[in-house]
Amino acid sequence: MQQLPTPGIIRNSPSHPPVSELDRITDLAGDLAGRFDLVPLLERVLGHAVALLGCESGSISIVHETEGYYRKEVDQGVGCHQGQTFPLTEGLTGRIVAMRGTVLLDRYASVPEGHIDPGDPRWGSAVIGVPIAWDGTIIGTLAIFSNGPGRVFTAEDASLVELFANHAAIAIMNSRLHQAAAAKEREAAVAGERERAVQEVHEAIGRSLSSLLLHLDRADKATPGGSPSIAHIDSARVLAHEALFEARRTVLGLAPSSLAGSTIEEAVRQELDTVRASYPIIITFLVTGEQHDLAPVVAHQLFMVIQEAVANVVAHSRATACRVGIFYDAAGVSVVVEDDGRGFERPNTEGDVGSAQGSRLGLHGIAARAHYLRGALHVDSTPGWGTRIRVQVPYSSNGDASRERWKVLVACTQPLIRAGLVRLLETTEPSVQVLGEPATLEDLTESVSLLQPDLIVLDDFLLGDYAEAQSIGGDTVERPVVVVTDHLTDQQLALAASSGVRGFISRSSTPAEVARVVVAAARGDALLDGAVFSRLAEGRAAAAPAVSTARLTVRERQVRNLLADGLADKQIATRLGISVKTVEKHVGAMLRKTGARNRTMLATLRQEKP
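Residues numbered from 1 in each chain as written. Predicted model: local features only at pLDDT ≥ 70, side-chain atom pairs only at ≥ 80, totals over all residues. Heavy atoms only, no water.

1. Topic: the packing of helix H17 (residues 569-576) against helix H18 (residues 580-594)
Between two packed helices, the angle of one axis relative to the other and the distance separating the axes together describe the packing. Between H17 and H18, the shortest axis-to-axis distance is 8 Å and the interhelical angle comes to 105 degrees. The orientation of H17 with respect to H18, classified from their angle, is roughly perpendicular. The segment H17 lies against H18, with Asp569, Lys570, Ile572 and Ala573 engaging Val580, Val583 and Glu584. When its residues are assigned to classes, the contact of H17 with H18 shows four nonpolar, no polar and three charged. (Axes fitted to C-alpha atoms, helices over the stretch in contact; angles between N-to-C directions. Helix = DSSP H or I, 4+ residues; strand = E, 2+ residues; numbered from the N terminus. Parallel < 35°, antiparallel > 145°, perpendicular 65-115°, else oblique. Contact = heavy atoms within 4.5 Å. Nonpolar A, V, L, I, M, F, W, Y, C, P; charged D, E, K, R; others polar.)

Structure (structure tokens):
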């Protein structure tokens, strides 16, 4: 921060004209603008006030009234223990706080338990002390000493010092706000780093548990029927499923940061996707009413209610179906979780959410969350018919929204390449969640069936086997594929054309390029350079049976040609001056008319004149 000459030097220098009261106040306002270092600001305030009253001595103290002490923060020419703290029963500051107003004294010696030595010239001088207040609270004091016994301060002097005290109050509060903002920024950075570290640990554990489940399934298939080992394998599978589910619950339930960057609806959908992938249960999700922005704490607690209730369903209810709902109405927001399980004898929770008995089915935790939000918990359960849990809370303000994460499988035969891709995607693309890293075709097909990914990244060694498995109906869902290869052959292009490949990356691709290709493929777009796309089109034309395009309209042919050029839907819409939804409708119509399986096949169809 630039150091300006002190007011006393300006006043005494013969090369400068006298500074007026208005000039000093204007200069002081400029000093306060955009500056947050407290001591230099208070030194400027004190220097201007002392100089304007024609004095040489003064001090500013910071008051902590609730704690009962004050600190001598700034001292000019007084020598009253700058930086030390004193109780509010002592000194001029103690008297100002006790009187709750300005104090005018002809002699400082009349201050009880003062801190100036009797031999100091200011012991017998007049003194003026004013409170520094903010919002009705005294946060400091400003004291000015005369230069000798001959000076007596007036009410006009007091008004001037009070004006400078207002400037000091602004400086103190600006500094505190800046410090609070900096502290929150540091806390957010720590929380973000903790969330990142925990997410990495969670995903590593999740992938290991997913691999464990695959091996258990394989061991189960290889074990002869009636073997006593089957019971142990079943138990191990159940424990692995529960460990996987609890690991995911833990990373989502650490703190309100589990909902950072997403709405409660998005977080619930992701949680239910996880449950569906881990347990054989049918789960439906419904949102009704006009959605409101919820305070982060409200959204977090409601999310935890749903999470705990669903965990109870899968762990204890023996249900085959579960329904989850979020309902917005005029009074507030309600969440409902109901199942068709075995039910239980209903505890006494009506009307008093804090009285839920025991820990049965985790109702105590749910009741505590509802009570924390000043809401109502209602539990309806009938043995043999299922359970319905409903929590209703009032609205609060503000909320966040964000995109969902794409779920990806990374399948590579080489461990180093596989681990590098997993690490790269986790650290460079927050919209991607790596579900697993299978190394063989068997692991890949089982992982796809178990985890239901949005996208598969595989290397050229697995491409042929995967394409063959797809051709015999290995996976009924057409999933986008990104291939890792350094030397793209015609055979690989032909396989890519029939396997839903929407992108290629190589071992020399940059992290940004990998992230772009993967995200584009997950969205249904394709990032291919012109040469690769032309070769892919040729491979598709050679591999696919002849399909006529004669029935396509002029606009559909335009869309098809732009698809063949490698343009995404948004780019096609911009080029043709139509909406993205209209492009999607044209693509759907062309798929129906031509019988093409996907966009890649559609783009490579031979054109015929109508």
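2. Regarding the nonpolar core
Side chains of nonpolar character tend, in soluble globular proteins, to be buried together. Formed by 39 residues in total, the largest nonpolar core has its most connected members in Ile264, Ile281, Leu302, Val324 and Val391. Looking at which element gives the most residues to this core, the answer is helix H8 (residues 296-317), with 11 residues. In contact with Leu302, not counting residues within four places along its chain, are Ile264, Leu294, Val333, Val335, Leu373, Val391 and Val393. (Core = buried A, V, L, I, M, F, W, Y, C linked by side-chain atoms within 4.5 Å. Buried < 20%, exposed > 50% of the residue type's maximum accessible area, 1.4 Å probe, protein only.)

3. Thoughts on the pattern of salt bridges
A side chain of one charge can pair with a side chain of the opposite charge when the charged atoms of the two come close. Taken as a whole, this structure holds 13 salt bridges when the rule is applied. For Arg151, the salt bridge identified is with Asp157, shortest N-O distance 3.5 Å. Looking at Asp157, the relative accessible area reads 15%, which means it is buried. Here Glu446 ties to Lys221 by a salt bridge, and the two come within 3.8 Å at their closest N and O atoms. Taken together, the positions of Glu446 in helix H11 (residues 441-451) and Lys221 in helix H5 (residues 155-222) put the pair 225 residues apart, joining distant regions of the chain. Overall, the relative accessible area of 13% leaves Glu446 in the buried class. (Salt bridge = Lys/Arg side-chain N within 4 Å of Asp/Glu carboxyl O.)

4. Quick look at the pairing of strand E11 (residues 386-394)
Sheet topology note: the strand E9 (residues 332-339)/E11 ladder contains eight bridges and is antiparallel. When the sheet's bridge partners are listed, Asp339 is paired in E11 with Thr387. Bridge count for strand E10 (residues 376-382) against E11 is seven bridges, and the pairing is antiparallel. Note that in E11 the partner of Val379 across the bridge is Ile389. Where E10 folds back onto E11 in an antiparallel hairpin, the turn is made up of three residues, including Gly384, whose phi is positive at roughly 85 degrees. (Pairing = 2+ DSSP bridges.)

5. Notes on helix H3 (residues 38-52)
Along its 15 residues, H3 runs 21 Å from first to last C-alpha, staying within 8% of the 21 Å computed at 1.5 Å per residue. The element H3 is largely enclosed, with a buried count of 11 among its 15 residues. Positive backbone phi, approximately 70 degrees, marks Gly54, located one or two places after H3. (Expected span 1.5 Å × (residues − 1).)

6. Quick word on the environment of Gly503
Structurally, Gly503 can be placed in strand E16 (residues 501-505). Of the residues examined, Gly503 reaches a relative accessible area of 0% and is grouped as buried. Sequence-wise, Gly503 and Val481 are 22 residues apart; in three dimensions their C-alpha atoms are separated by 7.0 Å.

7. Observations regarding the environment of Ala171
Structurally, the position occupied by Ala171 is in helix H5. When the C-alpha atoms of Ala171 and Val45 are compared, they prove to be 8.9 Å apart, with 126 residues separating the residues in sequence.

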